[in-house]
Amino acid sequence: MGSADLIALWISFRLAATTTLLLLLLCTPLAWWLAMGASRWRVLVDAVVSLPLVLPPTVLGFYLLILLGPAGSLGGVLQRLGLPAPAFSFSGLVIGSMLYSLPFAVQPLRDAFQSVGARALEAAATLRASPWNRFFTVAVPLASRGILTAVVLSFAHTLGEFGVVLMIGGNIPGRTQTASIALFDHTEAYRLSATLVAICFALLLIVYTANRRLRATGLPA
């Protein structure tokens with residue numbers, strides 16, 4: 001594995017870590033609202049969140065390129081303000097990865113919060129726990145399996161992205177060339193592909209092992 005492949009692998013790890021962290025921060029309140037809210041708009045929001053599961057990644061990347069490119073509606077506005085357009089940059093990769101991995105973060109979090117149920121939260125409320133206190137001391141520990149699943153799936157899914165990152169970021173070595181794109185560039189990239197397979201397998205093994213151990217402690221799914 002050459003230095004270019006190592007740089008591409010580092011960009012993929014950096015992209016996956018950044019995307020996972022931002023998704024966890026943004027999707028946790030969204031998933032809580034989907035699980036506990038009573039709004040009639042939840043079904044519509046749930047459908048929008050799930051759209052990347054059925055939408056071809058190249059289609060999503062194409063529309064992001066139109067929106068964020070130098071001649072796009074948002075990218076053009078940013079350039080007129082003296083800011084760089086997100087397309088063909090690491091920030092563009094992050095935006096595309098967050099949208100494409102959105103359901104892999106929201107759905108496990110939503111299901112985990114739903115499994116907490118209202119009884120534990122009501123019991124904490126009778127002890128005069130504030131809403132924030134109930135969330136962090138009751139809901140989060142009980143939903144830990146779902147949170148771990150969301151983190152690992154978001155990271156692994158971002159790590160293996162191809163269509164979206166290629167469309168929105170191009171193939172610029174050292175800047176936007178990820179491991180999956182570098183793998184595509186090779187005709188016989190056995191070592192790099194084996195590295196990606198090993199990493200993704202290890203991530204899935206971690207989440208299943210952790211879930212099994214948490215299940216043994218009696219925490220809900």
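Residues numbered from 1 in each chain as written. Predicted model: local features only at pLDDT ≥ 70, side-chain atom pairs only at ≥ 80, totals over all residues. Heavy atoms only, no water.

## Concerning the pattern of salt bridges
The full count for this structure, using the stated rule, is two salt bridges. The partner of Arg110 in a salt bridge is Asp46, and the shortest N-O contact between them spans 2.8 Å. Placement of Arg110 in helix α6 (residues 102-116) and of Asp46 in helix α2 (residues 42-54) is noted, with a sequence separation of 64 residues between them. Looking at Arg110, the relative accessible area reads 14%, which means it is buried. In this structure, a network of salt bridges that share partners links the residues Asp46, Arg110 and Asp111. (Salt bridge = Lys/Arg side-chain N within 4 Å of Asp/Glu carboxyl O. Helix = DSSP H or I, 4+ residues; strand = E, 2+ residues; numbered from the N terminus. Buried < 20%, exposed > 50% of the residue type's maximum accessible area, 1.4 Å probe, protein only.)

## What to know about the packing of aromatic side chains
Across all of its chains, the model carries seven aromatic pairs by this definition. Plain terms: the ring middles of Phe13 and Phe155 are 6.1 Å apart, the flat faces sit at 45° to each other, and that makes the pair tilted. Residue Phe13 is found in helix α1 (residues 3-36), and its partner Phe155 is found in helix α9 (residues 144-159); the two are separated by 142 residues along the sequence. We classify Phe155 as buried; its relative accessible area is 17%. (Phe/Tyr/Trp six-rings, centres within 6.5 Å; stacked < 30°, edge-to-face > 60°.)

## Considerations on the environment of Glu122
Within the secondary structure layout, Glu122 lies in helix α7 (residues 118-126). A sequence separation of 99 residues divides Glu122 from Leu23, and the C-alpha atoms of the two residues are 28 Å apart.

## Concerning unusual backbone geometry
Look at Phe88: it is not a glycine, yet its phi comes out positive at around 60°. Among the secondary structure elements, Phe88 is positioned in the loop between α4 (73-80) and α5 (90-100). Judged by its relative accessible area of 34%, Phe88 is partly exposed. Of note, the phi angle at Arg128 is positive, near 65°, even though the residue is not glycine. By secondary structure assignment, the location of Arg128 is in the loop between α7 and α8 (131-142). Arg128 gets classed as exposed once you look at its relative accessible area, which sits at 80%.

## Let's talk about the layout of surface pockets
The method is simple in principle: a probe with the dimensions of a water molecule rolls over the atoms, and the space it marks as empty is what remains. Estimated volume of the largest pocket: approximately 180 Å³. Mapped by element, the contributors of at least two residues to the lining of the largest pocket are α1 and α8. Among the elements that make up the lining of the largest pocket, the one with the highest residue count is α8 (five residues). Class assignment for the residues of the lining of the largest pocket results in seven nonpolar, one polar and one charged. (1 Å grid on protein atoms, 1.4 Å probe; cavity = no way out; pocket = protein on both sides within 12 Å on 5 of 7 lines; lining within 4 Å. Points joined across faces, edges and corners; volume = space filled by probe spheres on them. Nonpolar A, V, L, I, M, F, W, Y, C, P; charged D, E, K, R; others polar.)

## Notes on the side chain of Thr178
Assignment of secondary structure puts Thr178 in the loop between α10 (163-169) and α11 (179-185). At 3.1 Å, the side chain of Thr178 forms a polar contact with the side chain of Ser180. When near neighbours in sequence (up to four residues on either side) are disregarded, Thr178 contacts Ala8, Ile11, Ser12, Leu15, Leu93, Glu161 and Val165. (Polar contact = N/O pair within 3.5 Å; in protein donor to acceptor, adjacent residues only side chain to side chain. Contact = heavy atoms within 4.5 Å.)

## So, the nonpolar core
Grouped together as the largest cluster of nonpolar side chains are 37 residues, with contacts concentrated most on Cys27, Leu109, Phe113 and Ile168. Judged by nonpolar contacts, the second largest core, of 11 residues, contains Ala16, Val152, Phe155 and Ala156. (Core = buried A, V, L, I, M, F, W, Y, C linked by side-chain atoms within 4.5 Å.)

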